Amino acid sequence: MEASEEKYLLHRGLLLPRETHTADSLTFAHEFELRDDDILAVTYPKSGTTWMQEVLPLVLNGGDLTPVQTIPNWDRVPWLEETRLAIVAERLPTPRALVSHLPYHLMPKSLDSSKAKVIYVSRNPKDVMVSSYHFHKMASFLDDPGTFHEFMDKFLQGKVLFGKWTDHVKSWRHTELGDRILYLTYEEMVQDLRGSVRRVSDFLGRALDEEAMERIAAQCCFNNMKTNCMSNYSLVPQDIMDNSKSPFLRKGVTGDWRNHFSAEQEAQFSAVISREMEAEELSSSLWCPEPSPPAHQ
Ligand code: PPS
């Protein structure tokens, strides 16, 4: 089944939800003047965006909880490509933190000409797909996902939001950004949140004492974010995002794909992803992170 025109905008070959994207918002993003001290967290959808919208303001404010307790995530760390940016851009504090789902080649020119920094967060594509499948059930501005298998076919063909996962990850592995880009994985954030926050603060040159680090890690843990109405999308009207169908902060774990994929589906999925990542020099553990299985059952 093709994506509905009513719900999606086609932008440079990518499907984007009309609910939050317009031709104007995409032009605004394209022409956006990034500043040297801007920070952009980039993700393929369902890879840790909301998490970074929590982590970044805390790191940039030395662990002050005020922004994450008083400003909804979409205004506190807005999406580069969404309509809200034009509304809130002028009042963003400096240094500005933004998020984006765009591939590298659709970044504004100012990314190259500025010294803005990028944090690229990736997640195991099987868990990305599972998270996205449930998200499609609760978000009325997206097409119904159909069966899990139908959704898997669409995901592998890139007939989903922001196109193919493999294209996105590859585009951000080959940039001219040098030491201006930090690669993080959702899996390492789950495994060691404090260590991940430390990597972010070191990358951004923000010294944080142990107490601030502790406060940030506590604020950003799944259970806390799940109850933070500024971060859990409960402020969005239910007819747009229905948390009773599937909460936006759903499980927050690694490896949930095991509860969804049959052995055949897993084999088919992995074969396609491996083939498309074949030319990458990276080992599969880097682009397809998987926590080690327990030593014994
Ligand atoms: S979106 O729609 O692209 O902005 O979604 P995104 O925020 O990238 O991804 C949503 C998934 O991230 C999980 N999440 C977290 N996991 C662990 N800890 C914390 N603090 C956290 N915050 C968000 C969220 O639960 C979604 O994953 P699933 O697997 O569906 O639970």
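Residues numbered from 1 in each chain as written. Predicted model: local features only at pLDDT ≥ 70, side-chain atom pairs only at ≥ 80, totals over all residues. Heavy atoms only, no water.

Undergrad: Is there a simple way to think about the packing of helix H2 (residues 49-60) against helix H11 (residues 193-203) in this case?
TA: In helix packing, the relevant descriptors are the interaxial angle and the interaxial distance, both defined with respect to the helix axes. Where H2 contacts H11, the two axes come as close as 10 Å, and the packing angle between them is 60°. When the axes of H2 and H11 are compared, the pair comes out oblique. The two elements H2 and H11 meet at a crossing, and its hand is right-handed. Seen from H2, the contacting residues are Trp51, Met52, Val55, Leu56 and Val59; seen from H11, they are Leu193, Val197, Val200 and Ser201. Of the residues belonging to the contact of H2 with H11, the class tally is eight nonpolar, one polar and no charged. (Axes fitted to C-alpha atoms, helices over the stretch in contact; angles between N-to-C directions. Helix = DSSP H or I, 4+ residues; strand = E, 2+ residues; numbered from the N terminus. Parallel < 35°, antiparallel > 145°, perpendicular 65-115°, else oblique. Left-handed = near helix turned anticlockwise from the far one by under 90°. Contact = heavy atoms within 4.5 Å. Nonpolar A, V, L, I, M, F, W, Y, C, P; charged D, E, K, R; others polar.)

Undergrad: Before we go on, may I ask you to explain helix H7 (residues 125-138) in this structure?
TA: The α-helix winds at 3.6 residues per turn, so residues separated by three or four positions along the chain end up facing the same way. Between its terminal C-alpha atoms H7 stretches 20 Å, which fits the 20 Å expected from 14 residues at 1.5 Å a residue. Of all 14 residues that make up H7, 13 are buried, and the element is covered over most of its length. Sitting at the amino-terminal end of H7 is asparagine 124, which places a side-chain oxygen 2.8 Å from the backbone nitrogen of lysine 126. (Expected span 1.5 Å × (residues − 1). Buried < 20%, exposed > 50% of the residue type's maximum accessible area, 1.4 Å probe, protein only. Polar contact = N/O pair within 3.5 Å; in protein donor to acceptor, adjacent residues only side chain to side chain.)

Undergrad: How do you make sense of the sheet that holds strand E3 (residues 39-43) when you look at a structure like this?
TA: The strands making up a sheet associate through hydrogen bonds between their backbones, and the pairing can be parallel or antiparallel. The four strands lie next to each other as E4-E3-E5-E6, forming an open sheet whose pairing is parallel. Single-partner strands in this sheet number two, and they are strand E4 (97-100) and strand E6 (181-185). Along the sheet, successive strands turn relative to each other by an average axial angle of 20°, direction set aside. Two elements, E3 and strand E5 (residues 117-122), share five bridges in a ladder whose sense is parallel. (Pairing = 2+ DSSP bridges.)

Undergrad: Could you clarify how one ought to interpret helix H1 (residues 23-30) in this entry?
TA: Along H1, the residues classified as buried are Ser25, Leu26 and Ala29. An end-on view of H1 places all buried positions within 100° of arc, on one side of the element. Residues of H1 that are exposed and angled more than 90 degrees away from the buried face: Ala23 and Asp24. The inward-facing, buried residues of H1 abut strand E1 (8-11) and strand E2 (14-17). (Arc of directions from axis to C-beta.)

Undergrad: How should the site of the ligand be read in this particular structure?
TA: Near the ligand you find 21 residues, and of these Thr49, Thr50, Ser131, Tyr186 and Lys251 are the closest. Between the ligand and serine 131, the relevant distance is 2.7 Å, taken from an oxygen atom to a side-chain nitrogen or oxygen of the residue. Calculation on the ligand without its partners gives an accessible area of 650 Å², and the protein chains cover 97% of this total. The set of elements that each furnish at least two residues to the shell around the ligand consists of H2 and helix H13 (222-227). (Near = heavy atom within 4 Å. Areas by Shrake-Rupley, 256 points an atom, 1.4 Å probe, with all protein chains shown as cover.)

Undergrad: Got a minute to help me understand the nonpolar core in this structure?
TA: Here is a general trend for soluble globular proteins: nonpolar side chains tend to be buried in one another's company. Ranked by internal contacts, the top residues of the largest apolar core, which has 91 residues, are Met52, Leu56, Leu111, Ile119, Trp172 and Val200. Tallying contributions element by element places H2 first for this core, with seven residues. Every residue in contact with leucine 111, bar those within four places of it in the chain, is listed here: Leu34, Tyr104, Ala116, Val118, Trp172, Leu177 and Arg180. (Core = buried A, V, L, I, M, F, W, Y, C linked by side-chain atoms within 4.5 Å.)

Undergrad: Mind showing me how you'd approach the environment of proline 145 here?
TA: One can find proline 145 in the loop between H7 and helix H8 (148-157). Proline 145 sits in the buried class, given a relative accessible area of 2%. Between the C-alpha atoms of proline 145 and valine 200, which are 55 residues apart in sequence, the distance is 34 Å.

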